[in-house]
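# Secondary and tertiary structure notes
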Amino acid sequence: MEFNLSNLGAKSEDEKNSHPYKMIVLGSGPAGWSAALYAARAEAHPLVLSGLELGGQAALTHVIENYPGFPEGVGGAQLGELFQKQAERFGATMEFDQASDVDLSQHPFVVKTDSGQELKAESLVIATGASPNHLNIPGETEYTGRGVSYCATCDGWFFKEKKVVVVGGGDSALEEGLFLTRYASSVTIVHRRDSLRAGAILQSRARSNPKISFVWNSVLTDVAGNGVVESVGLKNVVTGEESRLATDGVFIFIGHKPNTQLFQGQLEMDANGYIVTDNRMHTSVPGVFAGGEAADPVFRQVITSAGMRAAAAIEAIK
Ligand code: NAP
């Protein structure tokens, strides 16, 4: 049986300011949409605030091979669209807007947005995800967008037949490094140790790819160029030896930090800024729920993020 419940949750400008939403979901990655799907099916008419990156980090992933139900893998952006379509079918709505301030000391909670809205919510699901860590070395900020990138899917195309350096030894570095071999003439993976953190399948694919080489026990000391990236400084952390490596691009995949600054001082967090929840996704403020990358320094997978936010929504509905 087909239902068309779209726009059930849409509110006029007056309604938005005077009546609280039953639920506002902050973030539009697969996890945010999972919460919205469960809330929409419980007729909570959730509003999803997209944040700056529609689809979250997953949308920037070329292919996701470990989300069940897609034996051939699925594009990150495509998976995000499917999640959105499914939640919207049951009445979830989305606005291209971002929370700029939240007040969790009063109930309904108050969410101010970049576009100047002041929204009220009876429950809040935090699905704000995480952002890539930076190396914080000279030249990194200056050359971001001019050779330095944190997203191979977004920027790989610019490096056709060019040399690129990838920094990191985790799943992201290898997965994105492998993706870059479609375009680049060579991919040099610089890792600060002599063994990789990435999983076995990615390791064996990367090690057997003729375009990929490794520089072990080394860190970048700077990024240099002349308007665009031309080289990076390298330092061997075992021998102390320093050298320069010519390159056209630098892709940095050294982990992430949670996007939780908005909740500092209002929600309990750990030392790294991850929101502390109980095993039912409740935060330290009743009515506020979190899960996935904003609250999970361990698993950080699409499936675990989606599962946690579904659980958060179920708890919120209760
Ligand atoms: P990660 O697993 O935390 O790996 C970060 C890598 O960067 C590590 O190798 C780390 O070195 C290195 N690193 C950290 N800080 C550094 C610095 N300042 N300078 C140089 N190197 C530095 O992060 P991730 O690869 O983004 O993965 C995050 C999570 O997503 C993981 O749970 C991962 O399994 C998951 N993920 C899964 C897939 C997949 O299953 N296909 C794909 C992407 C991501 P050390 O090893 O020495 O600590």
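Predicted model, so just to flag it, every value in this text is computed and none were measured. All residue numbers refer to position in the chain's written sequence, counted from 1. It should be noted that, the model being predicted, local features are given only for residues of pLDDT at least 70 and side-chain atom pairs only at 80 or more, the latter also being counted only at that level, while totals for whole chains, interfaces and linings use all residues. Side-chain numbers come from the whole structure's heavy atoms, not from hydrogens or water.

Side-chain atoms within 4.5 Å link the members of a nonpolar core, which is a set of buried Ala, Val, Leu, Ile, Met, Phe, Trp, Tyr and Cys residues. Remark: exposure states derive from per-residue accessible area (1.4 Å probe, protein chains only) relative to the maximum for the residue type, with buried under 20%, exposed over 50%, and partly exposed in between. The biggest cluster of nonpolar side chains holds 30 residues, and the ones touching the most others in it are M23, V25, W33, I64, Y67, L79 and V125. Comment: elements are numbered from the N terminus, with helices defined as DSSP H or I runs of at least four residues and strands as E runs of at least two. When residues of this core are traced back to their parent elements, those giving at least two are β1 (21-26), α2 (30-41), α3 (76-89) and α7 (302-317). Setting aside anything within four residues of it in sequence, one finds I64 in contact with A58, G73, V74, G76, L79 and V302. By size, the runner-up hydrophobic cluster in this structure holds 23 residues, among which are L47, L49, F109 and L119. Any two residues having at least one pair of non-hydrogen atoms within 4.5 Å are treated as being in contact.

D171, S172, E175, R193 and R197 are the nearest of the 19 residues found near the ligand. A 3.5 Å cut-off defines polar contacts: any pair of N or O atoms within that distance qualifies, except that in protein one atom must be a possible hydrogen donor and the other a possible acceptor, and neighbouring residues in sequence count only when both atoms are side-chain atoms. The side chain of D171 places a nitrogen or oxygen atom 2.6 Å from an oxygen atom of the ligand. For the ligand, whose unbound accessible area comes to 910 Å², protein coverage reaches 77%. For the shell around the ligand, the element with the highest residue contribution is helix α5 (residues 171-180), accounting for three residues. Amino acids outside the nonpolar list (Ala, Val, Leu, Ile, Met, Phe, Trp, Tyr, Cys, Pro) and the charged list (Asp, Glu, Lys, Arg) are all regarded as polar, and Gly is one of them. For the shell around the ligand, the per-class residue count stands at four nonpolar, nine polar and six charged. Domain start and end points were adopted from an automatic or database domain assignment. Three or more residues apiece are contributed to the shell around the ligand by two domains, here domain 1 (5-131 + 256-317) and domain 2 (148-252). Being near a molecule or strand, for a residue, means having at least one of its heavy atoms within 4 Å of it. Accessibility throughout is a Shrake-Rupley quantity obtained with a 1.4 Å probe, and a residue counts as covered only by protein chains that appear here.

Think of an α-helix as 3.6 residues a turn; residues three or four steps apart then line up on the same face. If you check α3, its first and last C-alpha atoms are 20 Å apart, about what 14 residues at 1.5 Å a residue would give, namely 20 Å. The set of residues buried in α3 consists of G76, L79, G80, F83, Q84 and A87. Looking straight down α3, one finds its buried side chains confined to an arc of 135°; they lie on one side. Opposite its buried face, α3 presents the exposed residues E81 and K85, each directed more than 90 degrees away. Packing partners of the buried residues in α3 comprise α2, β3 (93-95) and α7. Each helix should span, by expectation, one fewer than its residue count multiplied by 1.5 Å. Comment: arc refers to directions from the helix axis out to C-beta atoms.

Attention shifts here to the pairing of strand β6 (residues 118-126). Remember that side chains alternate between the two faces of the sheet whenever the strand is regular. When DSSP finds at least two bridges between two strands, those strands are taken to pair. Across five bridges, β1 lies against β6 in parallel orientation. Looking across to β6, one finds that M23 is bridged to S123. Here strand β5 (residues 109-113) pairs with β6 via four bridges, running antiparallel. Directly across from V110, in β6, lies its bridge partner K120. Counted between consecutive antiparallel strands, the loop separating β5 from β6 contains four residues, among which G116 sits at a positive phi close to 95°.

Here we take up the sheet that holds strand β12 (residues 218-225). Strand order in the open sheet formed by three strands is β12-β13-β14, with antiparallel pairing between adjacent strands. One side of each edge strand has no neighbouring strand; the edge strands of this open sheet are β12 and β14 (242-246). Between one strand axis and the next, the sheet turns by 25° as a mean value, whatever way the strands run. With seven bridges joining them, β12 and strand β13 (residues 229-236) adopt antiparallel strand pairing. If you follow L220 over to β13, its bridge partner there is L234. Fitted lines through C-alpha atoms give the axes, limited to the stretch in contact for helices. The angle between two N-to-C directions lies from 0 to 180 degrees.

The assigned domain composition of the protein is domain 1 (5-131 + 256-317) and domain 2 (148-252). The straight-line distance from the C-alpha centre of domain 1 to that of domain 2 is 33 Å. At the interface, six residues of domain 1 touch eight residues of domain 2. In this description, buried area is defined as the sum, over both parts, of the accessible area (probe of 1.4 Å) that is lost when the two are combined. Roughly 520 Å² of surface becomes buried between domain 1 and domain 2 when both sides are summed, with 48% attributable to carbon and sulfur atoms. Interface area lost by domain 1 to domain 2 is led by L60, H62 and E65, which between them contribute 76%. By salt bridge we mean one thing: a side-chain nitrogen of Lys or Arg within 4 Å of a carboxyl oxygen of Asp or Glu. Counting across the interface, domain 1 meets domain 2 through one salt bridge. E65 is the partner of R205 in a salt bridge, and the nearest nitrogen-oxygen pair spans 3.2 Å. Partitioned by chemical class, the residues of the side of domain 1 that touches domain 2 number two nonpolar, three polar and one charged.

A few words now on the packing of α2 against α7. In the contact formed by α2 and α7, the axes pass within 7 Å of each other and the chain directions differ by 30°. Seen from above, α2 lies across α7 with right-handed handedness. Here P30, A31, G32, S34, A35, Y38 and A39 of α2 lie close against α7, whose contacting residues are V302, S305, A306, R309, A310, A313, I314 and I317. A class-by-class count of the residues in the contact of α2 with α7 yields eleven nonpolar, three polar and one charged. For a crossing to be left-handed, the near helix must be turned anticlockwise from the far one by less than a right angle; the clockwise case is right-handed.

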